[in-house]
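Results of the structural survey
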Amino acid sequence: MSTVKTNCHFCGYLCGFEAEVEDGRIVSLAPDPSRYPYDEQVLQGCPRWRMNLDVLDGVDRVNFPLKRAGERGSGQWERISWDQALDEIASRLEELREEHNPGVLASMIGGPHTSFWPLHRFMSLFGSPNNAGIGQICWNPRIWSDTIAFGWTIEPDITEETRCLIVWGTNPAESDNSLFWRSLLRMHKAGSPKIVVIDPRLTKTARIADEWIALKPGTDCTFALGLLHVIIEEGLYDHGFVERWCTGFDELAAHVEPYTPEVVARTCGLAADDVVRVARLFAQSPSAIITGRGIDQIGENVLPTHRARTALLAICGDVDRPGGCTLLETSEFTSELKLECTLENFDQLKALSLNRGRTPLQSYESYERVKTLMDAAGRELPARYLTSVHPDLLLKAMEGAGPYPVRALIVEATNPLLTYADTHRVLDALRGLDLLVVLDYYLTPTAALADYALPAAGAMERATFQAHGGVANFVYGGDAAVEPYYERKADYDVFAELGRRLGQEAHWSDDTFAEACERALAPTGLDWEGYCQVGMYATPTPHFKHEQLTEAGEPRGFATPSGKVELASSFLEQLGAGRLPEPGEPYRLCSPEMVEAHEAEGWEHLTLITGGRRQPYNASMYLNHPPFRKRQPYPLAQVSEATAKRLGAQAGDVIQLATDKGQACFVLEIIPMVDGVIHADYGWWHPESEVRAPDFGGIFESNVNVLTSCSLDQAEPLIGTWAYNDMDCMARVAGSPLTWTADVDKQALSARSADGLTKEER
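Figured I'd write up the structure that's included with this text. In this text the structure is predicted, and so the values were computed from the model without any measurement. (Residues numbered from 1 in each chain as written. Predicted model: local features only at pLDDT ≥ 70, side-chain atom pairs only at ≥ 80, totals over all residues. Heavy atoms only, no water.)

Turning our attention to the overall build of the protein chain. Assigned secondary structure in the protein chain consists of 29 helices and 27 strands. Its C-alpha radius of gyration of 25 Å places the protein chain within 12% of the 27 Å reference for a compact globule of 762 residues. Among the 762 residues that make up the protein chain, the fraction classed as buried is 64%. Nonlocal contacts in the protein chain, meaning residues at least 24 apart in sequence, comprise 76% of its contacts between residues at least 6 apart. Of the accessible surface of the protein chain, which amounts to about 27,200 Å², a share of 48% is contributed by carbon and sulfur atoms. (Helix = DSSP H or I, 4+ residues; strand = E, 2+ residues; numbered from the N terminus. Rg over C-alpha atoms; globule rule 2.2 N^0.38 Å. Buried < 20%, exposed > 50% of the residue type's maximum accessible area, 1.4 Å probe, protein only. Contact = heavy atoms within 4.5 Å. Areas by Shrake-Rupley, 256 points an atom, 1.4 Å probe, with all protein chains shown as cover.)

Laid out in structure tokens, this is it:
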């Protein structure tokens, strides 16, 4: 018996635990208060970590390499050895590369139970730029906008000095139950700072706010421009910081002049006083803004909203200032850029990029321009995230409509058949591949289509090294508690062994992921054992770095073309884009003909939003855990009371949603939210069903992605962001119940609908 420090993997916080290990197996777990990010209340309120022992020996885990033995999707498998699997996969990849080019291979990756750079390294060295993910609707818009404005990325720096905190498009009470949510509760109790929550729904987070701003979905940029108008018009901005450290202020002031509170209120569905009140609150510097996917998934309005956010921080002087935001420092440990090995094949990757000419900011060309500025500032942004292929372009290449064919796909820790937009299109594309390899815990709907389903080592079977994409001098995690059970492998081991078979031996010299992480830590002077004991590496980040003097005696400034915060962007101007943020158009999934025909049959035309997290699930994960299904048994669609009356519906009714793409059904819940809007749960399927053709685990009944699209035709033009939070759909009461349950507890849903909270939440 031994006690080992290790980490949970069931969300991105990777909480530390002590595992009791006997004969190579974990027999008990206890939270470890000595390691980051321990918080007793977080762990008391988290149901996920208790899954660890069950999941290690879960009956539905993939434990051995499997090879397809029947038709694709038939559910017929043959157990094979790892050597056979990797030999055959490597051989087929080499054949396809020789027949076409390295871009013939694509990858899709998710999390949190994975490490990104091993797959990215394998792809870079193979010569393919075609890694896909959700970067365009999650992380990339914020990173690109921060880099364009400030020359690097920022994070909120919420301290006792903070006067106002805007929580914009995120609901930490449900999305992660994290340290940040506990911090918000403490701020609420203390009455400082003033908390403003911007969200179409009255979420648990919004309920503790001093101000709940219920915007119409997709009007976020207009609202931000209205805040800028008030702050500039009333002279509330930081005149000294603007004069010394900003460029383009006069342009910005002229640009926001038409966005009066009255005009903004009409667009956003607010009162004009709401705009003025929030602007005055935020101008009481220092103030901070934290954003989430709620504004990362609004199509054409994504980058403009983030650019307006950076302008708000800048004109109020809240840049690299205590209580405002921190301009992060590059990592002292080996950067993500070096780990992913993109620079080794940069020219080839750029030449093969499917994004070329289509998403000018999310491109190798723009990354190259940014890298010049980063090199001068001694910083390194990761490349694979910020150049990742757009899903629409990747699907076209799989469909035979690209500049070259994509015939092979590696999927790690994600389930694109369920979680990518336009499910039916994704299904057709996956079915047509020559080679599909899935590395995951379970036989997901996507894995059901695979040629090879490979068993991934999971929580406490693999080391963790969470480095935030390499944009901060901060990393946390720890060691594995045990060797992987059965024949599971850590993702590093899979790609290292596959890479060695394909001529990449020189880049996979470390035998294990832990050894590779120890090498990455070496420049910091912290060894692997020390890192695992404390659970993190971090150093204090000073503020006002732009004022620090260089060896030449000049202020350090910002890593932008002007050396200042760019309110009007010269970088984007070089791409043929506007220098200032402009609101975009909403994403439309319903043709006028469809709307007319469905309205004639009694359907309602509503604004559709999706993607909001709901504990204890995380996207499509953990629906196979019986206690969670008992706690949250239905896929829900939420509307306001007024919208429910328009639908002729009551809580507990089954609601049918439709777009030109397809139809899906949900159980109705009535909550305080913007009228004319419906929020549909994301990521629902039937893990208890047979996960094979034709139903693939019931993914067509309540899967919101049956309705959605990632088409570039309506996407944000620079990054390619599509929409999950500003779409449209047709809705009506369905004529039949869901197969999820024979008896919807309408009384329980009605009780929740009274104030939006369950009894436990009250």
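Moving on, there is more to tell.
Among the surface-exposed residues, Asp511, Glu515, Glu518, Asp527 and Glu529 lie close enough to one another that they form a single negatively charged patch. One can find Asp527 in the loop between helix 23 (513-521) and helix 24 (528-534). (Patch = residues over 30% accessible without salt bridge, like charges linked within 9 Å, V, L, I, M, F, W, Y side chains within 5 Å. Salt bridge = Lys/Arg side-chain N within 4 Å of Asp/Glu carboxyl O. Lys, Arg positive; Asp, Glu negative; His and termini not counted. Charge placed at Lys NZ, Arg CZ, Asp CG, Glu CD.)

Let's shift gears to the sheet that holds strand 20 (residues 536-538). Pairing in this open sheet of three strands is antiparallel, and the strands run 18-19-20 from one edge to the other. The two strands at the open ends of the sheet, each matched to only one other strand, are strand 18 (464-466) and strand 20. This sheet shows a mean twist of 15° between the axes of neighbouring strands, independent of strand direction. One ladder, built from three bridges, connects strand 18 with strand 19 (residues 474-478); its direction is antiparallel. Pairing of Phe465 across the sheet is with Gly477, part of strand 19. Here helix 23 sits on the sheet and contacts strand 18, strand 19 and strand 20; the angle it forms with strand 18, its principal contact strand, is near 40°. (Pairing = 2+ DSSP bridges. Axes fitted to C-alpha atoms, helices over the stretch in contact; angles between N-to-C directions.)

Before going further, it helps to examine the pattern of salt bridges. Counting across every chain of the model gives 41 salt bridges. Residue Arg629 pairs with Glu688 through a salt bridge whose shortest N-O separation is 3.0 Å. Of the two residues, Arg629 sits in helix 27 (residues 626-631) while Glu688 sits in the loop between strand 26 (677-680) and strand 27 (727-733), which places them 59 residues apart along the sequence. You can call Arg629 buried: its relative accessible area is 16%. With a shortest N-O distance of 3.2 Å, Arg692 and Glu690 are connected by a salt bridge. Residue classification places Arg692 among the partly exposed positions, given a relative accessible area of 35%. In this structure Glu690 comes out as exposed when scored by relative accessible area, which is 54%. Salt bridges here are not isolated pairs; linked through shared partners, they connect Arg142, Asp146, Glu155 and Arg309.

Turning to the packing of aromatic side chains, a few remarks are in order. In total, this model carries 27 aromatic pairs according to the counting rule given. Where Tyr485 meets Tyr486, the ring centres are 6.4 Å apart and the plane angle is 70°; that geometry is what we call edge-to-face. Assessed through its relative accessible area of 4%, Tyr485 is described here as buried. When the centroid spacing of 5.1 Å and the interplanar angle of 35° are considered together, the rings of Trp528 and Tyr531 count as tilted. Pair noted here: Trp528 and Tyr531 are both in helix 24, with a separation of three residues, about one helical turn. Given a relative accessible area of 9%, Trp528 falls into the buried group. Relative accessible area serves as the criterion here: at 0%, Tyr531 is assigned to the buried category. Here the aromatic residues Phe333, Phe465, Trp528, Tyr531 and Tyr537 are joined through ring pairs into a cluster of three or more. We note Lys489 situated over the ring of Trp82; from NZ or CZ to the ring centre the distance is 5.3 Å. (Phe/Tyr/Trp six-rings, centres within 6.5 Å; stacked < 30°, edge-to-face > 60°. Lys NZ or Arg CZ within 6 Å of the ring centre and 35° of its normal.)

The next thing to look at is unusual backbone geometry. Negative phi is the rule for most residues except glycine; trans is the rule for most peptide bonds. The amide bond that connects Tyr36 to the next residue, Pro37, takes the cis arrangement and shows omega of 0°. Position of Pro37 among the secondary structure elements: in the loop between strand 3 (25-31) and helix 1 (40-45). With omega at 5°, the peptide bond leading from Gln615 into Pro616 counts as cis. Examined against the element boundaries, Pro616 turns out to sit in the loop between strand 22 (604-610) and helix 27. Positive phi outside glycine occurs at Ala413, with the angle close to 55°. Looking at where Ala413 falls in the secondary structure, it is placed in the loop between strand 15 (408-412) and helix 20 (416-419). Accessibility expressed as a relative area gives 9% for Ala413, which makes it buried.

Overall, mixed pairing links the seven strands, which are arranged 5-4-17-16-15-6-7 in an open sheet. Of all the strands in the sheet, just strand 5 (77-79) and strand 7 (131-132) have a single pairing partner and so form its edges. Sheet topology note: the strand 16 (residues 435-440)/strand 17 (residues 452-455) ladder contains four bridges and is parallel. Looking at the pairing, Val438 lines up with Ala453 of strand 17.

Moving on, we come to the nonpolar core. Note that soluble globular proteins tend to have their nonpolar side chains buried in a common cluster. Counting 87 residues, the largest nonpolar core has Trp168, Phe223, Ile315 and Leu361 as its most contacted members. Among the elements that take part in this core, helix 9 (residues 220-233) stands out by supplying nine residues, more than any other. Contacts of Trp168, omitting those with residues within four sequence positions, involve Ile198, Leu215, Asp220, Phe223, Ala224, Ile289, Ile290, Thr291, Gly292, Ile295, Thr305 and Leu312. (Core = buried A, V, L, I, M, F, W, Y, C linked by side-chain atoms within 4.5 Å.)

Right, let's talk about the pairing of strand 2 (residues 16-22) for a bit. Strand direction decides the pairing type here: strand 1 (residues 2-7) and strand 2, joined by six bridges, are antiparallel. Bridge assignment links Thr6 to a residue of strand 2, and that residue is Phe17. Two elements, strand 2 and strand 3, share six bridges in a ladder whose sense is antiparallel. Bridging across to strand 3, Glu18 finds its partner in Ala30. Hairpin connection from strand 2 to strand 3: two residues lie between these consecutive antiparallel strands, with Asp23 at a positive phi of about 50°.

Its location among the elements puts Ser107 in strand 6 (residues 105-109). Measuring from C-alpha to C-alpha, the distance between Ser107 and His229 comes to 44 Å, with 122 residues separating the pair along the chain. Setting aside its immediate chain neighbours within four residues, Ser107 contacts Leu119, Met123, Asn130, Asn131, Ala132, Leu409 and Ile410.

So, on to the environment of Ser74. Here Ser74 lies in the loop between strand 4 (66-68) and strand 5. In terms of polar contacts, Ser74 uses its side chain to reach the backbone carbonyl oxygen of Glu71, at 2.8 Å. Of note is the side chain of Ser74, whose polar atom sits 3.4 Å from the backbone nitrogen of Gln76. (Polar contact = N/O pair within 3.5 Å; in protein donor to acceptor, adjacent residues only side chain to side chain.)

Looking now at the side chain of Arg72. If you trace the backbone, Arg72 turns up in the loop between strand 4 and strand 5. By relative accessible area, which is 16% here, Arg72 ends up buried. A distance of 3.4 Å separates a polar atom in the side chain of Arg72 from the backbone oxygen of Arg431. Polar side-chain contacts of Arg72 include one of 2.8 Å to the backbone oxygen of Leu449. The residues touching Arg72, leaving out its near neighbours within four places in the chain, are Leu430, Arg431, Leu433, Asp434, Leu436, Leu449, Ala450 and Asp451.

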